[in-house]
Each structure stands twice: as structure tokens, then as C-alpha cells.
Amino acid sequence: MVEKLSKLNFNKLVEGYKDDFKMYQVLDEKGKVVDDKTMKEFTDEELVDLMEDIVWGRALDERTIILNRQGALANYATAGGQEASQFGTLKGLEKGDFLVPGYRDIGVSIKHGLPMEQAFMWYRGHVGGNKYDKDFQMMVPQVVVAGGITHAMGVAFAKKRRNEENVVLAFTGDSATSEGDFYEGINFAGAFGVPLIVVVQNNGYGISVPVHEQTAAETLAQKGVAAGVASIQVDGMDPVATYAATRKAREYALKENKPVLIETMTYRFGPHTMSDDPKKYRTEEELNEWKKKDPIVRLRAYLTEKGLWEESREEEIKKEVTKEAQQAIEKMNQEPDMKIVDLLENMYEVKPQNIQEQIEKYKAKEQK
Amino acid sequence: MANLTFAGAITDGLKNALNKFDDTMIFGQDVGPNGGVFRITDGLQDEFGDKRVFDTPLAESGILGMTLGLGHEGFRALPELQFSAFSTEAISPIMGQISRYRYRYGGTRNLPITIRTPFGGGVGTPELHSDSMEGLFGGIPGLRVVVPTNPYDAKGLLLSAIESNDPVIFLEHLKLYRSVKGEVPEEYYTVPLDKAAVVKEGTDVTIVTSGFMVHESMKAADKLEKEGISAEVIDLRTIAPIDMETIRKSVEKTHRAVVVQESQRVAGVGGNLMSEIGERCFMELDAPVSRVTAPDSVYPFVQIENEWLPGPDAIVEKTKETINF
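The rules behind each value
Residues numbered from 1 in each chain as written. Chains lettered and ligands numbered in written order. Predicted model: local features only at pLDDT ≥ 70, side-chain atom pairs only at ≥ 80, totals over all residues. Heavy atoms only, no water. Pairing = 2+ DSSP bridges. Helix = DSSP H or I, 4+ residues; strand = E, 2+ residues; numbered from the N terminus. Axes fitted to C-alpha atoms, helices over the stretch in contact; angles between N-to-C directions. UniProt positions renumbered as here; feature names shortened; annotations may be inferred. Buried < 20%, exposed > 50% of the residue type's maximum accessible area, 1.4 Å probe, protein only. Right-handed = clockwise from strand over helix to strand, strands pointing away. Domains from an automatic or database assignment. Contact = heavy atoms within 4.5 Å. Buried area = accessible area lost by both parts, 1.4 Å probe. Salt bridge = Lys/Arg side-chain N within 4 Å of Asp/Glu carboxyl O. Polar contact = N/O pair within 3.5 Å; in protein donor to acceptor, adjacent residues only side chain to side chain. Nonpolar A, V, L, I, M, F, W, Y, C, P; charged D, E, K, R; others polar. Patch = residues over 30% accessible without salt bridge, like charges linked within 9 Å, V, L, I, M, F, W, Y side chains within 5 Å. Areas by Shrake-Rupley, 256 points an atom, 1.4 Å probe, with all protein chains shown as cover. Expected span 1.5 Å × (residues − 1). Parallel < 35°, antiparallel > 145°, perpendicular 65-115°, else oblique. Left-handed = near helix turned anticlockwise from the far one by under 90°.

**Student:** How should I be thinking about the sheet that holds strand 1 (residues 98–100) of chain A in this particular structure?
**Tutor:** Hydrogen bonds between backbone groups are what pair the strands of a sheet, and the pairing can be parallel or antiparallel. All names here are of chain A. One open sheet holds the 5 strands; their spatial order is 1-2-3-7-6, and the pairing between them is parallel. One side of each edge strand has no neighbouring strand; the edge strands of this open sheet are strand 1 and strand 6 (230–235). Sheet twist, expressed as the average angle between the axes of neighbouring strands with direction ignored, equals 20°. Across 6 bridges, strand 3 (residues 196–202) lies against strand 7 (residues 260–265) in parallel orientation. Pairing of valine 200 across the sheet is with glutamate 263, part of strand 7.

Structure representation (C-alpha cells):
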């Protein structure tokens, strides 16, 4: 039955979805528990693990920036500040779940199983970074930002078809929701009923363009409503909220065979990549306001009060990351340089005439 | 053997593929109960079930993004784009993602998908439905582009495309669907994805062409024969790769070449063919390589499409110019 509207209250229509998309939080900025019921669903061990992950993520981000400045890598899309949205979210997945990352999600991809030297090779522009083990449940980082959502939807379709008890999680960002593929991806996922979780990390900017210039929508979560997709907005600086939301989304996606859209409200503390200056498009005051929301600060406060954390552990993790990164750089440096012949070899499984001709030509050249 | 139309041969090929490969799936707008707007998938959902043959939302980019995801998981996905002229909506997945897939994974993974789509013109479609975009697809490294011209090849090339672990764009000419019939074996067979066919042998000039223009070139060759000119006609069968070896052998014999394409002069693969022939056979040529194409306008409204499309008379005229050079 179609419900009919017999009275046109236009003022009510223009109010939109404001009331339906309040930001979900478990731990506030000071580390105070807002949602006690959810907090109790986590063991101390899970929360300490979560803290270790986000501290590790921050340390890796800082180390990768240094490695770039030293010239060891070719570029880097910084992720500092977004640890709750990335590592907190990933924590909600289970073994065998599939990840479709974007170019800013490399640190979290390492936590998902990508060898660090391969992550570095990708930054350096070496295709060896994308040579994955056959059963590695991850796609290569997506660069055409919303495209990955349509691919993730296809993978989720395949998982469902094979009756696998696993979900697919696609990371994307605020400006990706302006692209047609964002809508096509979530709309197909809803129509087909596939276990896909789309995480829109809303860090406020598409490189330099603020969200309010990307869309008139009050929230990005509400964009899921049009596609009939369960959607939620979460505090993307609260690692417990992102963890909890993803865990619940995963359960729902598998039980109901339906997709979920999660918008995480977050901020990147650093530049978009190593080649831009955020001072040109955002203020120091804004950055400082967001730094007060730092996921590490709030979880540290909570765990320290509970006697579960000491700051010295953070120093240890930083040292471990420095060592891991050093080893990864050494491994990366052992990898032979790319060759045009390899590029041509990799284009097709069965090489056509033109490719064969050109392989011969470059073989002679590159053997010299 | 069965006497099938071009469309019937494709349907037959799809049935063979669905039977042979468990990991095949056909999907797209209207391919389910409706059997596709050209009836290519007619009856397939009834026969193979809605898990193997099913409708999708109408969104070309979504369809091909999904195709990439399914291909990543090892499915031989067989999406249908309702008209290739709508594939402009899907240039991002085709050119940005699918073609680059194997290289981006450093050759560690294949994408065993085949995108089927009708192309060409001459059947009176509404505007924005007809077009020949094979040159655009052929210019994208990483793809194979197949253009069958008769029922036997259509089935054999389709099965090769589906069997192939490389991504293939399979272009079905609108005008061929119901206009040609031929003997097609009922069993599974393949036609190679990299061999052009000499469809008529000749000694004076080589006509290199593809798609519906193969049939128009054959008509032209018959007319030329009556005037004492013996034309050899080569059906490219695949636009990517182009079988230059077959073309070279022919030109070495005839010393003259005319390239015929349905698409505009700036489009298609004609320009590329001419320069390849020029580069590889320069010393063999007795005349410049010439071409017959549509003019450089967009594909026209239906009222004038038959005047716009190249036909046998234009091919005869250009071939005579080449002979009399």
C-alpha cells in the first residue's frame, strides 16, 4: 500500500533528515563514556588492542611522512587524525572479510595483512606493491575514489553467491559521495541485497574543497536513504564508536543480506599529500579544534583511568614502527627496478602480436 | 549443424558457455525475463535460472564496476550493455579500471570477463543509440575487441572471448542480428581472437574491413569483379589486436590496399591500419593506401543515416581510384 499525503506541509519537507542523523558516540573528547551499554560489550583486551592499533597507525603515519621527506618514497596521502575511522572500523571485521581501500588507507591495509614493504612500494610507484598473494582478501588501493564502491559491490555479490559468511568493506571519502559511482554502488548493493559496508570517512575536505561546497546535504549518511540502505553517522574520532558501529553493521549485513553505509566524522591533521599546503584552504583554529578530538587522547584518558594503559607503551610502539619501517625500506630496496618488458608482459595473459613485437624490441633495449 | 541468424548464433554460444563454465553469469538491463531488447538472452533465464541470468539496475558504470568485482572473484562475468552508444556512461570502469586491472596487480591476477554490446547503425534506431566506437575501445591497451561478421564466427569468437582470461569487448553489429544466416555447429567450438579472415581471395587490391562493412565490401568486390578487378577482402574479426600478418601477406600479393570502416574518418581503426600498412609494406605499394569512411559528423538522425553510412558504391569508386592511381 502506498501511503498518501493529503496535506502539503512544505515547511516540514524542507527540514529534511536532520533529526535522523545525529552523530553516534561512545567515548567523548575527554574519554568519558557516553554509551555505557555499548562500552560494556567490549573486553579490556579488545580496547587495549584498539589503542595499540591507533597508536601504531599514528606512528606509521609520522614515520611515512619522514621517509617521504628523506626521498625514500615518491608521495604519501597522510592519514594522521583518521585512525578511529580507519583502524577502529577495521577492528569490527572478522577473518576472511574483504577490504577495498582508497589511497589514504594504506596504513590500515597493512593491519589487514598487506606487507609493509609492499605498501611502501606502492607509494614509491612500483607495481610490486600490488602483487598480492592469491588469497589475500583485498583489492589494490582505489584512486578514482567512488569506483571502488562498485567493485566492492561486485565482490560482495560474489561472496553472497558462494554463501561465504564474510562481508566486504569499502573505504571512501566525503568527496567520493559526489560521484555517480557512489550512488550506483550503494544502489546496486541495496537492490541485490549484498553484505557490503561502505565507510565514508568524512574528513571535511576533498583535497581543498570543503564538504559544504560538495553538496547541500546536511549529512553524507542521509545519501544512503535514497538507495534504501541502512545508514548511520558516527563520530569518526571515537575509535570505540567506529569499532562498535562496524561490528553491528557486519552482523546486520550478514544476517539480513543488506548493505550498510557508515559516515565517520573525522579530520586529517596533515596535508592531503606531500605536495599541498593545507594553510591555503583551512585555518589553524579549525585544526586546533579538531586536535582536541584526537582519538588517541580520548582512548588514552579512558584506559589510563582504568589502569589499563601507560604512556610508555606508546613510546615502545613508536620504536617498533621505526624498526619495522626501516626493515620494510630495506626489503623494498632489494626489489629490482621495473622494466618496460615486465609492463608489457603483464598487460595480457595471452600476448597479442603487437605486444609480442614490442616485448622483443624492449628486450633488446633493456638487456644492453 | 543448425541454420541460425547472427543473433541466434550468439544465443547459442551463450548457452554453450553457461553449460560449460559454472562460473559464468549473464546480467544487464532487460536481459532476464525480457530476454534482452534484441532477444539475445531470450529463454536463458528460464533454462539456467535467475542466479545465472538476471536483470540489473539501469546504470552502465555500476554494471561494469560490478563486473570487475565479480571478475576479481573469478567469475566469468558476461554483462550486456544495451547499446554500445550508452557505454560512454561506463568509460571509467572500461578505460580506467578494467583495462588496467591485470597490470595494476603486476600480472598476478586475470579478469576473465566479456562485455557484450550491440554497435553500428543502419537499423533506424532513435538518436543516441547507434554508433561505431570500436576505434575508441581498440585504442585502450589491456582490452581485446572483437567484431564478428557472420553466425559461425559470432559463436566461435564469443566462446573464445568467454574462455579468455583477458577482458574482451564483444561488439555485435545491429544490422547483422537478423540480416544474415548461416550454418552453425551445435557443439562448443572456438575461433581464435587474433586471426583475421580472408573472406574473398583476389589479386589486384586488398580491402581491409570489419563489421557490417565486410558485407558491403563483398558486394563492392562482386561489382568490381564484373569490371575485371579482382579484390581480396579481409575481415579483421578482431580490432584489438589487429592481425597485421594476414594483412601484410595480402598487400604483398596485391600491392594496393583500401581500408573500409563504418565509423567516421577521425574515428575507427582506419587511420591506424593505413599507417601500419604504410610502415610495414611501403616498398610493396603501387598506390597510396586509401580509405572509405563515414563523414566526420556525429552519428546522424535516422532520416539520413543511409546516405551517411558508407556503402558498396563508395567502396567501388575508391577502389577504382586506387587501381588507377
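Following the structure, the description resumes.
**Student:** Even after reading the chapter, I still don't get the UniProt feature "domain: Transketolase-like pyrimidine-binding" (unreviewed entry) in chain B, so can you show me in this structure?
**Tutor:** As annotated in UniProt, the feature "domain: Transketolase-like pyrimidine-binding" (unreviewed entry) corresponds to residues 4–179 of chain B in the numbering used here. As annotated, residues 4–179 of chain B comprises 38% helix and 17% strand, and the C-alpha atoms at either end are separated by 11 Å.

**Student:** Could you clarify how one ought to interpret the pairing of strand 7 (residues 168–173) of chain B in this entry?
**Tutor:** Successive residues of a regular strand alternate their side chains across the two faces of the sheet. Residues and elements named next belong to chain B. For strand 7, the tally of buried residues reaches 6 of 6 residues, placing the bulk of the element in the interior. Of the strand pairs in this sheet, strand 5 (residues 114–119) and strand 7 are connected by 6 bridges, and their pairing is parallel. By the bridge assignment for strand 7, phenylalanine 119 is matched with histidine 173. Pairing geometry for strand 6 (residues 144–146) and strand 7, over 3 bridges, is parallel. Counterpart to arginine 144 in the pairing with strand 7 is valine 168. Read as a crossover between parallel neighbours, the route from strand 6 over helix 7 (residues 151–163) to strand 7 is right-handed.

**Student:** Could you clarify how one ought to interpret the domain arrangement of chain B in this entry?
**Tutor:** Reports of interface size often rely on the accessible area that becomes lost once the parts have come together. All names here are of chain B. You can read the domains of chain B as domain 1 (2–184) and domain 2 (197–324). The C-alpha-based centres of domain 1 and domain 2 are spaced at 26 Å. On the side of domain 2, 22 residues touch domain 1, which itself brings 26 residues to the contact. Buried surface at the junction of domain 1 and domain 2, summed over both partners, amounts to about 1,900 Å²; 58% is from carbon and sulfur atoms. On the domain 1 side of the contact with domain 2, Glu134, Val147 and Thr149 bury the most area, a combined 23% of that side's loss. Our count for the contact surface shared by domain 1 and domain 2 stands at 1 salt bridge. Close ionic contact of aspartate 153 with arginine 237 constitutes a salt bridge, the shortest N to O distance being 3.3 Å. Taken together, the links from domain 1 to domain 2 amount to 12 residue pairs in polar contact (both at pLDDT 80 or more). Grouping the constituent residues of the side of domain 1 that touches domain 2 by class yields 9 nonpolar, 11 polar and 6 charged.

**Student:** Explain the domain arrangement of chain A to me, please; I cannot follow it from the model alone.
**Tutor:** As assigned here, chain A comprises domain 1 (18–271 + 281–335) and domain 2 (339–367). With centres defined by C-alpha atoms, the gap from domain 1 of chain A to domain 2 of chain A works out at 38 Å.

**Student:** Explain a nonpolar patch on the surface here, please?
**Tutor:** Nonpolar side chains collect at one region of the surface, where Leu5, Leu8, Phe10, Leu13 and Val14 of chain A lie side by side and expose about 590 Å² of accessible area between them. Examined against the element boundaries, leucine 13 of chain A turns out to sit in helix 1 (residues 10–15).

**Student:** Whenever I open this one, the sheet that holds strand 9 (residues 197–200) of chain B confuses me. Can you help?
**Tutor:** Residues and elements named next belong to chain B. Read from one edge of the open sheet, 5 strands run 9-11-10-13-14, paired in mixed fashion. The sheet terminates laterally at strand 9 and strand 14 (290–294), the two strands that pair on one side only. The mean inter-strand angle of the sheet, taken between neighbouring strand axes irrespective of direction, is 25°. Where strand 10 (residues 205–209) meets strand 11 (residues 231–235), 5 bridges bridge the pair, whose relative direction is parallel. Each residue of the ladder has a partner; that of valine 205, found in strand 11, is alanine 231. Running at roughly 160° to strand 14, helix 13 (residues 312–323) makes contact with strand 10, strand 13 (257–264) and strand 14 of the sheet.

**Student:** So what exactly am I meant to see when it comes to helix 7 (residues 147–161) of chain A here?
**Tutor:** Because the α-helix completes a turn every 3.6 residues, residues three or four places apart line up on one side. For helix 7 of chain A, which comprises 15 residues, the first-to-last C-alpha distance of 22 Å matches the rise-based estimate of 21 Å (1.5 Å per residue) to within 8%. With respect to burial, helix 7 of chain A is a largely interior element, 13 of its 15 residues being buried.

**Student:** Help me understand the packing of helix 3 (residues 44–69) of chain A against helix 4 (residues 83–91) of chain A in this model?
**Tutor:** For any two helices packed against each other, the geometry is given by the interaxial angle and the distance between the axes. Residue and element names in this part refer to chain A. Helix 4 packs onto helix 3 with a crossing angle of 140° between their chain directions and a minimal axis gap of 10 Å. In this view, helix 3 runs oblique relative to helix 4, as classed from their interaxial angle. For the pair helix 3 and helix 4, the crossing hand works out as right-handed. Contacts from Asp49, Leu50, Asp53, Ile54, Trp56, Gly57 and Arg58 in helix 3 reach Glu83, Ala84, Phe87, Gly88 and Lys91 in helix 4. Across the contact of helix 3 with helix 4, the residue classes break down as 5 nonpolar, 2 polar and 5 charged.

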